[in-house]
Amino acid sequence: SYRISKSYKELLIPSTPCHARTNVMFLKTHKTASSTVLNIMFRFAERYNLTVALPADQLLHLGYPKTFLAHFVEEFETTGQNYNIMCNHLRFNPLEVQKVMAANTFYFSILRNPIPLLESSYIYYKDSVPAFRVSKDVNEYLASPMKYYHPADYKKNIYARNIMWFDFGYDNNAEDDKKYIQDVLKEIEQNFHLILIADYFDESMILLKHTLCWDLDDVIYFKLNSRSQDTVQTLTPESQERIKTWCSLDWKLYLHFNQSFWRRIEETIGLEELEKEVNHLRTRQKELMETCLLDQEAVGKDHIKNKALLPFQSGAANILGYNLKQGLDNSTLRTCQKMVMPELQYTSYLYAVQYPHKKRKQLGLPLLWTSFQQK
């Protein structure tokens, strides 16, 4: 019989069922919640048994801060273009990345508002960046950055100015020229299918899930590599304004992609549906935290009981981590462990799984391999 209206059930079935994208390159930027995204990518790779383009030899980054070259990837020479996932830190270089990744790879990255980003950089890299080391605090630095930021040290000072611009492969000390900026933005739009915004992290995860056709559980996360509130320095209103000019390349990059981010959401999901899914994500996240975590929240470095789960500590930041509940059954324990495993440990663990015959990566951490070994 001929019916004009479709039944409710039929409307629920999308006309074209989509398949989860499994060839994905994530450009991991600095101080942008990217460690949390890396953890999501690693867990996805394990869930679908995918190969990961891991750093060669004892390196934990893909050659960063050098501009990326294909041979920075373990066994690239012998295997060539067949990795599914790439997400460790690198300085973007499209032609070299394309040698490593399949032709149909999906490229995405994440940006963060340069104002909180610079303060975060300042604390995290306080000891290693000359411009930060010699200034008393972040506001003193921003009052007259050129007093501390010497061009001769430009390689060591990349975190002190336009760090996102640098991570995308561009000159972070370039002149703020209108045409130049337009050209770079256009190039980034050509190289990347999606740019997420860390300041709207949950919304970003929902957009990522939709775009890659992943499940909610693929984008569930616990916040990783964040720091304790007491190490956050308050920026004066003057400092906040100064960041916009001192890091004007990053500022314009952020404004541009923040706009396209919201435009994309309105075109694909809509704000109403977005809000529903964000709430769903947060509910599921809360359930998992109750299942996995002893303290229901991240704890300071001195309170992490299992030292194998201690995140790398840097600068004046107190990088938080997690304690897992005792007595979890094996499969729950494994899920929970993976969700809280810090970046260096996870990179090292995947390396051992993917290259069992190679020498393990030395982390300089009291790594209890046994706790991650039962795969």
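The residue numbering used here restarts from 1 in each chain and proceeds along that chain's sequence as written. Only residues with pLDDT of at least 70 get local features here, since the model is predicted, and only at 80 or more are side-chain atom pairs given and counted; chain-wide, interface and lining totals rely on the full set of residues. Water and hydrogen atoms were dropped before computing side-chain values, which therefore reflect all heavy atoms in the structure.

As annotated in an unreviewed UniProt entry, the protein carries the name G3ST2 sulfotransferase and comes from Chunga burmeisteri. UniProt positions are given in the numbering used here, feature names are shortened, and annotations may be inferred rather than shown by experiment. We quote the UniProt Sequence similarities (unreviewed entry) comment for the protein here in full: "Belongs to the galactose-3-O-sulfotransferase family." Recorded under Subcellular location (unreviewed entry), the UniProt text for the protein is reproduced unchanged: "Golgi apparatus membrane".

Participant: Mind showing me how you'd approach the overall build of the protein here?
Facilitator: For helices the rule is a DSSP run of H or I covering at least 4 residues; for strands it is a run of E covering at least 2, with both sets numbered from the N terminus onward. Along the protein, the regular secondary structure elements total 17 helices and four strands. Computed over C-alpha atoms, the radius of gyration of the protein comes to 21 Å, within 12% of the 21 Å expected from 2.2 N^0.38 for 375 residues, which places it in the range of a compact globule. The principal-axis extent of the C-alpha atoms belonging to the protein is close to 80 × 55 × 45 Å. Here's how the labels work: a residue is buried when its accessible area is under 20% of the maximum for its type, exposed when over 50%, partly exposed in between, all with a 1.4 Å probe on protein chains only. Looking at the protein as a whole, 55% of its 375 residues qualify as buried. The long-range share in the protein, meaning contacts at least 24 apart out of those at least 6 apart in sequence, stands at 71%. When the accessible area of the protein is evaluated, it comes to approximately 18,100 Å², of which 52% is carbon and sulfur surface. For a compact globule the rule gives 2.2 Å times the number of residues to the power 0.38, and the radius of gyration it is set against comes from C-alpha atoms. Here, residues are in contact when the closest pair of their heavy atoms is within 4.5 Å. Per-residue and other accessible areas were derived by the Shrake-Rupley procedure at a 1.4 Å probe size, with only the shown protein chains allowed to occlude residues.

Participant: Please explain helix α14 (residues 271-292) as it appears in this structure.
Facilitator: An α-helix turns once per 3.6 residues; consequently, residues spaced three or four apart project the same way. Take the residue count of a helix, subtract one, and multiply by 1.5 Å to get its expected span. Over its 22 residues, α14 runs 31 Å from end to end, which matches the ideal 32 Å to within 8%, given 1.5 Å per residue. Taken together, the buried positions of α14 are occupied by L274, E277, V278, L281, Q285, L288, M289 and C292. Buried residues in α14, looked at end-on, bunch into an arc of 115°, giving them a common side. In α14, those exposed residues whose orientation departs by more than 90 degrees from the buried face are E272, E275, K276 and K286. Considering only its buried residues, α14 is in contact with α11 (201-212), α13 (248-268) and α15 (330-340). Arc, as used here, means the arc of the directions from the helix axis to the C-beta atoms.

Participant: Hey, could you run me through the packing of aromatic side chains in this one?
Facilitator: The criterion for an aromatic pair is that two Phe, Tyr or Trp rings (for Trp, the six-membered ring) have centres within 6.5 Å, with stacked assigned to planes under 30 degrees apart, edge-to-face to planes over 60 apart and tilted to the rest. Inspection of every chain in the model, using the stated rule, returns 28 aromatic pairs. Aromatic pair F44 and W214: ring centres 3.7 Å apart, planes at 10°, arrangement stacked. Of this pair, F44 sits in helix α2 (residues 34-47) while W214 is found in the loop between α11 and α12 (237-246), placing the two residues 170 residues apart along the sequence. Using a relative accessible area of 1% as the deciding quantity, one classes F44 as buried. Residue W214 is classed as buried on the basis of its relative accessible area of 4%. An aromatic cluster of at least three residues, connected via ring pairs, comprises Y122, F132, Y141, Y148, Y149 and W246. Charges are assigned to positions over rings by a cutoff of 6 Å between ring centre and Lys NZ or Arg CZ, combined with an angular limit of 35 degrees from the ring normal. Between R91 and the ring centre of F166, over which it is positioned, the NZ or CZ distance is 3.7 Å. Over the ring of W246 we find R161; its NZ or CZ atom is 4.0 Å from the centre of that ring.

Participant: In this structure, what is going on with the sheet that holds strand β2 (residues 85-86)? I would like to understand it.
Facilitator: Paired through their backbone hydrogen bonds, the strands of a sheet run either parallel or antiparallel. One open sheet accounts for four strands, arranged β2-β1-β3-β4; its pairing is parallel. Bordering the open sheet on either side are β2 and β4 (194-197), each of which pairs with just one other strand. Pairs of strands are assigned from DSSP output, requiring at least two bridges between the strands. Relative to β2, strand β1 (residues 24-27) is paired through two bridges, and the arrangement is parallel. Directly across from M25, in β2, lies its bridge partner M86. Lines fitted to C-alpha atoms define the axes, with helix axes restricted to the stretch in contact, and inter-axis angles between N-to-C directions lie between 0 and 180 degrees. The strands touched by α11 are β1, β3 (106-111) and β4; relative to β4, the strand with the most contacts, the crossing angle is about 155°.

Participant: Looking at this model, I keep getting lost on the pairing of β3. Mind explaining?
Facilitator: Among the six residues of β3, six are classified as buried, and the element is accordingly described as predominantly covered. Residues F106, F108 and I110 of β3 are buried on one face, and the alternating residues Y107, S109 and L111, pointing to the opposite face, are buried as well. With four bridges connecting them, β1 and β3 associate as parallel partners. When the bridges of β3 are listed, M25 appears paired with Y107.

Participant: In this structure, what is going on with the state of the cysteines? I would like to understand it.
Facilitator: Structurally, a disulfide amounts to a covalent bond that connects the sulfur atoms of two cysteines. Criterion for a disulfide: a pair of cysteine sulfur atoms at a distance within 2.5 Å. Applying the stated criterion across every chain yields a total of two disulfides. What pairs with C292 in a disulfide is C336, and their sulfur atoms sit 2.0 Å apart. Residues C292 and C336 are joined through a disulfide that is left-handed, its torsion about the S-S bond being -75°. Here C292 is found in helix α14, whereas its partner C336 is found in helix α15, with 44 residues between them in sequence. Unpaired in this structure, C87 has its nearest cysteine sulfur neighbour in C213, at a distance of 20 Å. C87 gets classed as buried once you look at its relative accessible area, which sits at 0%.

Participant: For this particular structure, what's the right way to read unusual backbone geometry?
Facilitator: Most peptide bonds take the trans configuration, and most residues that are not glycine carry a negative phi. Backbone torsion omega between Y64 and P65 reads 5°, so that peptide bond is classified as cis. Here P65 is to be found in the loop between α2 and α3 (76-79). Phi is positive for K31, which is not a glycine, with a value near 60°. As for its position among the elements, K31 is in the loop between β1 and α2. For K31, a relative accessible area of 13% puts it in the buried group.

Participant: I tried to follow the pattern of salt bridges on my own but got confused; where do I start?
Facilitator: Once the charged atoms of two side chains with opposite charge are near each other, the side chains can pair. Salt bridges are defined by distance alone: a side-chain nitrogen of Lys or Arg within 4 Å of a carboxyl oxygen of Asp or Glu. Applying the stated criterion to the full structure yields 19 salt bridges. For K358, the salt bridge identified is with E75, shortest N-O distance 3.6 Å. Here K358, found in the loop between α16 (343-354) and α17 (370-373), pairs with E75, found in the loop between α2 and α3; they are 283 residues apart in sequence, far enough to count as distant. Residue class for K358 comes out partly exposed when judged on its relative accessible area of 32%. Overall, E75 belongs to the partly exposed group, its relative accessible area being 31%. Across the salt bridge formed by E277 and K209, the nearest N and O atoms sit 3.3 Å from each other. Taken together, the positions of E277 in helix α14 and K209 in helix α11 put the pair 68 residues apart, joining distant regions of the chain. Accessibility classification places E277 together with K209 in one group, the buried group. When salt bridges that share partners are traced, they join R47, D215 and D218 into one network.

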